[in-house]
Amino acid sequence: MAYFPFFFEVNRLKGVVIGGGRIALEKIEKLDAYEAELTVIAPEILPKIYEYKCVKNIVRREFEEGDLEEADYVIAATDIIELNGRVRQLCRGRHLPVNVVDNQALCDFIFPSVYKRGPLVVGVSSSGASPQVAIELRKQFEENTPDNIEEILDYLASIRPYVKEKVTNPKIRHHLFGDIARESMRLGRALEQAELEQLISSAASTQI
């Protein structure tokens, strides 16, 4: 079964991580780059976990059912199989998505191999068949992405209002945005104004 790659703004959600060891640390590290808001619950917590900005609350005790009250999603990251299973059951009863680390059969969502450059986020998953394949494909994508992709994306976002004003036909405008993006990627830079105007002029002529 393949997983559908939903993209959520996790900074608007409250995550609860149950566990304070190496397994929990790996997940916290991945979420930190996305300004997540996490509460970590465990009797023992690695000092490194305290360093991450995404960790807003730390509760040093055993997990309690009430800890799920305000959670939007949960990560069960302990090395106690029975506890992870209990967390999963409680989450299912509350309709809370849960990730049980190292037990895909109990997961509602999984962590892909992620590449992030500014607003560009690419997640690659083999749906658990081979995490190594996902990692290798992510590396290939990273190697073939322009070094200044953030500048290109900022440029493409900045011209959208101007292009919408110049080209009012939605279908033609859709194709124009594709042409602009492809040309920017081919050149590896933002278009000069004359280059942009030429593409707009060509597209606008088809509206007549």
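All figures in this text were calculated on a predicted structure; none of them were measured in a lab. (Residues numbered from 1 in each chain as written. Predicted model: local features only at pLDDT ≥ 70, side-chain atom pairs only at ≥ 80, totals over all residues. Heavy atoms only, no water.)

Peer 1: Requested: an account of the overall build of the chain, with residues and values cited.
Peer 2: Of the regular secondary structure elements, the chain holds six helices and seven strands. On C-alpha atoms alone, the chain measures out to a radius of gyration of 22 Å, which is more than a quarter above the 17 Å that the 2.2 N^0.38 rule sets for 208 residues. Along the three orthogonal principal directions, the C-alpha set of the chain runs to about 70 × 35 × 35 Å. Here the chain holds 208 residues, and 36% of them are scored as buried. Across the chain, contacts joining residues at least 24 apart in sequence account for 50% of those joining residues at least 6 apart. Carbon and sulfur atoms form 52% of the exposed surface of the chain, whose accessible area is close to 12900 Å². (Helix = DSSP H or I, 4+ residues; strand = E, 2+ residues; numbered from the N terminus. Rg over C-alpha atoms; globule rule 2.2 N^0.38 Å. Buried < 20%, exposed > 50% of the residue type's maximum accessible area, 1.4 Å probe, protein only. Contact = heavy atoms within 4.5 Å. Areas by Shrake-Rupley, 256 points an atom, 1.4 Å probe, with all protein chains shown as cover.)

Peer 1: A description of the layout of surface pockets should follow, citing residues and the corresponding values.
Peer 2: Reported here for the largest pocket is a volume of approximately 1700 Å³. Among the elements that make up the lining of the largest pocket, the one with the highest residue count is helix 1 (residues 22-32) (six residues). For the lining of the largest pocket, the class distribution of residues is 28 nonpolar, 10 polar and 11 charged. (1 Å grid on protein atoms, 1.4 Å probe; cavity = no way out; pocket = protein on both sides within 12 Å on 5 of 7 lines; lining within 4 Å. Points joined across faces, edges and corners; volume = space filled by probe spheres on them. Nonpolar A, V, L, I, M, F, W, Y, C, P; charged D, E, K, R; others polar.)

Peer 1: Report on the sheet that holds strand 2 (residues 37-41), specifying residues and quantitative values.
Peer 2: Pairing is parallel in the open sheet, where five strands are placed in the order 3-2-1-4-5. This sheet does not close on itself; its edge strands, each paired only once, are strand 3 (55-59) and strand 5 (98-100). Strand-to-strand twist of the sheet, defined as the mean angle between neighbouring strand axes without regard to direction, takes the value 15 degrees. Where strand 4 (residues 73-76) lies against strand 5, three bridges are found, and the strand directions are parallel. (Pairing = 2+ DSSP bridges. Axes fitted to C-alpha atoms, helices over the stretch in contact; angles between N-to-C directions.)

Peer 1: Any details on the packing of aromatic side chains? Residues and values, ideally.
Peer 2: Under the criterion given, the structure shown has five aromatic pairs. When the ring of Phe4 is compared with that of Phe6, the centres are 4.9 Å apart and the planes differ by 65 degrees; the resulting orientation is edge-to-face. Accessibility expressed as a relative area gives 63% for Phe4, which makes it exposed. In this structure Phe6 comes out as exposed when scored by relative accessible area, which is 60%. Relative to Phe109, the ring of Tyr73 lies with its centre 6.3 Å away and its plane at 80 degrees, an arrangement referred to as edge-to-face. (Phe/Tyr/Trp six-rings, centres within 6.5 Å; stacked < 30°, edge-to-face > 60°.)

Peer 1: Let's hear about the nonpolar core: which residues, and what values?
Peer 2: Counting 20 residues, the largest nonpolar core has Ile28 and Leu38 as its most contacted members. Elements with a minimum of two residues in this core: helix 1, strand 2 and strand 4. In terms of residues, this core owes the most to one element, helix 1, which gives five residues. The residues touching Ile28, leaving out its near neighbours within four places in the chain, are Val17, Leu38, Val40, Ile49, Tyr52, Cys54 and Val55. Within the second largest apolar cluster, 16 residues are counted, among which are Val16, Val74, Ala76 and Leu83. (Core = buried A, V, L, I, M, F, W, Y, C linked by side-chain atoms within 4.5 Å.)

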